[in-house]
Structures are given as structure tokens and as C-alpha cells.
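# Breakdown of the fold
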Amino acid sequence: MLVLKRLITFIATSLPVIITAGVALAATGQPEPWQLGLQKGATPVMDDIIWFHDFLLWVISAIALFVLALLVIVVVKFNARSNPVPSRTTHNTAIEVMWTVVPVLILVTIAVPSFRLLFFQLNMPKADVTVKATGKQWFWSYSYPDSKIEFDSLMIPDKDLKAGQPRLLAVDNEMVVPVNKVVHVLTTGADVIHAFAVPSFGIKIDAIPGRLNETWFKAEREGVYYGQCSELCGKDHAFMPIMVRVVNEKDYAAWIEQAKKKFATDDTRPAAVAAAGAN
Ligand SMILES: [Cu+2]
């Protein structure tokens, strides 16, 4: 019993430390060494995902502790030594009703916010900006159809990294979007299946050759947010990061103007030739 008591004391004292450390370490936009928990959210969807995750953690912890308590009671009170003459009871209607109804209530309590979140993610609000992300072996291409911009986004190799650029995450040409605007992301694959995922935005969607998938996000804070391809797509799967810079309206307009000169799509080429040239 002494060991159990010590274990309980240890868990009780270390848990708040672990939780606060996790909150302190989880940075916005990119993973941190020794990070616990999810990356901080930058969109309403991710804020909801984090809330739902934490809510479920409380629910499953309570269930696990309850079951553990029952097991401890059984082990201590009903072992052969302390309870030599076992009861012959086989049915107890009240308990049977309880262990059916209570789990149903718990599942309904979980289902309500779960479906609300699912509909929030899947009901697309009207787009302010549309960006098409094409997964290629092994980099991403972004195109802004409304502004006729298209460019490739390649990872910066270790030897070329500048101060402040995270390894395996920084890219040469990042995707730029305005803050507080609904961005539709269309994804497709040029060769094999990739997946476009940015944890802080709460988005992860497959990029499949021959079809167009769609998701959305509304970043509420300016900054740089990183993600990675999340579908094993070949040897350099780990080296095709996603970098999204969220800027204010003015900077976005300036970036668009500059990008129009730098990354203009050539409309004079026939579509088939343009597609072949993109690979
Ligand atoms: Cu991949």
C-alpha cells in the first residue's frame, strides 16, 4: 500500500507541472522540443479541436480512474483471504440499468460537440481567397487562380538555413494569405497521393491525383505557420514542408502585386502544355 500511496502522491504532484510545462512549450506555428499537447491554434476550427481534445482527455481520465478504483476495491475487499465466502449474486437490475444508461449518456455528451465540430469543419464559408496546393514529388506548388499566380515551394536544405528558419520546415517561397479572411485550399496531387496539413490551422486533407479536395481556414493571428506532407509519398516525403505566412491586408496586397510579376502564370500556353510543363 505504501508503494501505491507514493505513486499517487507522485502523479498528483507531477501532473500540474507536466500540464503547465506543456502549455508553456507549445508554440504557435511550429513544433517545439519536448512539446506536450497540440500546437496552439490560429483558427477557430483549431481552437475548437483543442477544446474538444482537452474535454475528451478529462472524460477518458475520469473513466480510467473510475475503473481503476473499482479494480482496487475488488482486489482489496474481495480477495480469497479477506472474503473467504463469496456472494452468489448473479443479477442486480438497478446496476444493470445503470451500466447501460450511463455509458449511453457519456457517448451522447461526446457526440454533441463532436458533430458540431465536424459540421463546422466541413461547411465551407464563402471564400475570400482561394489557393490551390498541388503535391508533387517532393515539393508543393501553390496557385492563386484569382490573381493568376503560380509558384513552387521547396524546402531550404540544412546548409542554406538562415537564423530563425526552422530545419525541415522553412521553404524558399511560402504561401501567403491575409489575416481574418476565409481561405479555401484546393488540393490535388500531380504524381502520387500527398496530404496538405497545417496543425495550427486544424487542417489535414489528402492531395490525390485526378481529383480536387477542398478545405478551408481562417487564420486570426498574423505569423508564420508550418505544416508537413502527411501522406507517405516516397523517399523525400519528409522534405516537402508547408509554410504559410499570415499577413495583414496591406502586406497581402503588396505581396500579390510583387508575386504577379515574379510568378505570373503564362496564359498564352495551352492548358495541356502548361500542365505538362508544371511537372
Ligand atoms: Cu508526403
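One can find the structure itself at the top, above this paragraph.
Scoring rules and cut-offs
Residues numbered from 1 in each chain as written. Predicted model: local features only at pLDDT ≥ 70, side-chain atom pairs only at ≥ 80, totals over all residues. Heavy atoms only, no water. Donors = N, O, S within 2.8 Å, 3.2 Å for Na, K, Ca; no water. Tetrahedral: all angles 85-135°; square planar, octahedral: opposite > 155°, others 65-115°. Buried < 20%, exposed > 50% of the residue type's maximum accessible area, 1.4 Å probe, protein only. Helix = DSSP H or I, 4+ residues; strand = E, 2+ residues; numbered from the N terminus. Expected span 1.5 Å × (residues − 1). Polar contact = N/O pair within 3.5 Å; in protein donor to acceptor, adjacent residues only side chain to side chain. Contact = heavy atoms within 4.5 Å. Pairing = 2+ DSSP bridges. Axes fitted to C-alpha atoms, helices over the stretch in contact; angles between N-to-C directions. Phe/Tyr/Trp six-rings, centres within 6.5 Å; stacked < 30°, edge-to-face > 60°.

Right, let's talk about the coordination of the copper ion for a bit. All of the protein donors around the copper ion are Cys229 (SG), Glu231 (O), Cys233 (SG) and His237 (ND1); their distances to the metal are 1.9 to 2.6 Å. Considering all four donor atoms around the copper ion, the spread of angles at the metal, 88 to 127°, places the coordination shape in the tetrahedral class. As a motif over one chain, the donors of the copper ion read C-x1-E-x1-C-x3-H. Taken as a pair, Cys233 and His237 share a single burial class, namely buried.

This next bit is on helix α3 (residues 93-122). Over its 30 residues, α3 runs 43 Å from end to end, which matches the ideal 44 Å to within 8%, given 1.5 Å per residue. In this structure Asn92 caps α3, since a side-chain oxygen of it lies 3.2 Å from the backbone nitrogen of Ala94.

On to the environment of Ser200. Summarising the element assignment, Ser200 is placed in the loop between β6 (194-198) and β7 (203-207). Put simply, Ser200 and Ile50 are 150 residues apart on the chain and 10.0 Å apart in space, counted from C-alpha to C-alpha. Sequence-distant contacts of Ser200, that is, excluding residues within four places in its chain, are made with Thr28, Gly29, Gln39, Lys40, Gly41, Ala42, Thr43, Met46 and Tyr225. Here the side chain of Ser200 touches Gly29 through a polar contact of 3.1 Å, landing on its backbone nitrogen.

Assignment of secondary structure puts Met175 in strand β4 (residues 175-178). With residues near it in sequence (within four places) discarded, Met175 still touches Val131, Tyr142, Tyr144, Phe151, Val183, Val185, Phe196, Phe217, Met243, Val244 and Arg245.

What follows concerns the sheet that holds strand β5 (residues 183-189). Taking strand neighbours across the sheet as the criterion, the five strands line up as β3-β2-β1-β5-β8 in an open arrangement whose pairing is mixed. The open sheet terminates on both sides in strands that have one partner only, identified here as β3 (149-153) and β8 (213-217). Neighbouring strand axes in the sheet, compared pairwise and without regard to direction, differ in orientation by 25° on average. Pairing geometry for strand β1 (residues 129-136) and strand β2 (residues 139-144), over five bridges, is antiparallel. If you follow Thr134 over to β2, its bridge partner there is Ser141. Seen against the sheet, helix α4 (residues 249-262) touches β1, β2 and β3 and runs at an angle of roughly 90° to β3.

Scanning all chains against the criterion turns up 13 aromatic pairs. Judged by centre distance (5.3 Å) and plane angle (85°), the ring pair of Trp140 and Phe196 falls under edge-to-face. Of the two residues, Trp140 is situated in strand β2 and Phe196 in strand β6; the sequence distance between them amounts to 56 residues. With a centroid separation of 6.3 Å and an interplanar angle of 80°, the aromatic rings of Tyr142 and Phe196 are classed as edge-to-face. With a gap of 54 residues between them, Tyr142 in strand β2 and Phe196 in strand β6 connect regions that are remote in the sequence. The residues Tyr142 and Phe196 share a single accessibility class, namely buried. The structure contains a cluster of three or more aromatic residues connected by ring pairs, namely Trp140, Tyr142, Tyr144, Phe151, Phe196, Tyr252, Trp255 and Phe263.

Next up on the list: the sheet that holds β7. As summarised here, the arrangement of the five strands in space is β4-β10-β9-β6-β7, forming an open sheet in which the pairing is mixed. For this open sheet the edge positions go to β4 and β7, each flanked by a neighbour on one side alone. Ignoring which end each strand starts from, the neighbouring axes of this sheet average 25° apart. Looking at chain direction, strand β9 (residues 223-229) and strand β10 (residues 242-247) are connected through five bridges and run antiparallel. The residue of β10 that forms the bridge with Val224 is Arg245.

Turning our attention to helix α2 (residues 44-77). Between its terminal C-alpha atoms α2 stretches 49 Å, which fits the 50 Å expected from 34 residues at 1.5 Å a residue. Where α2 is concerned, the buried positions are Val45, Met46, Phe52 and Val59. Buried residues along α2 sit against α3 and β8.

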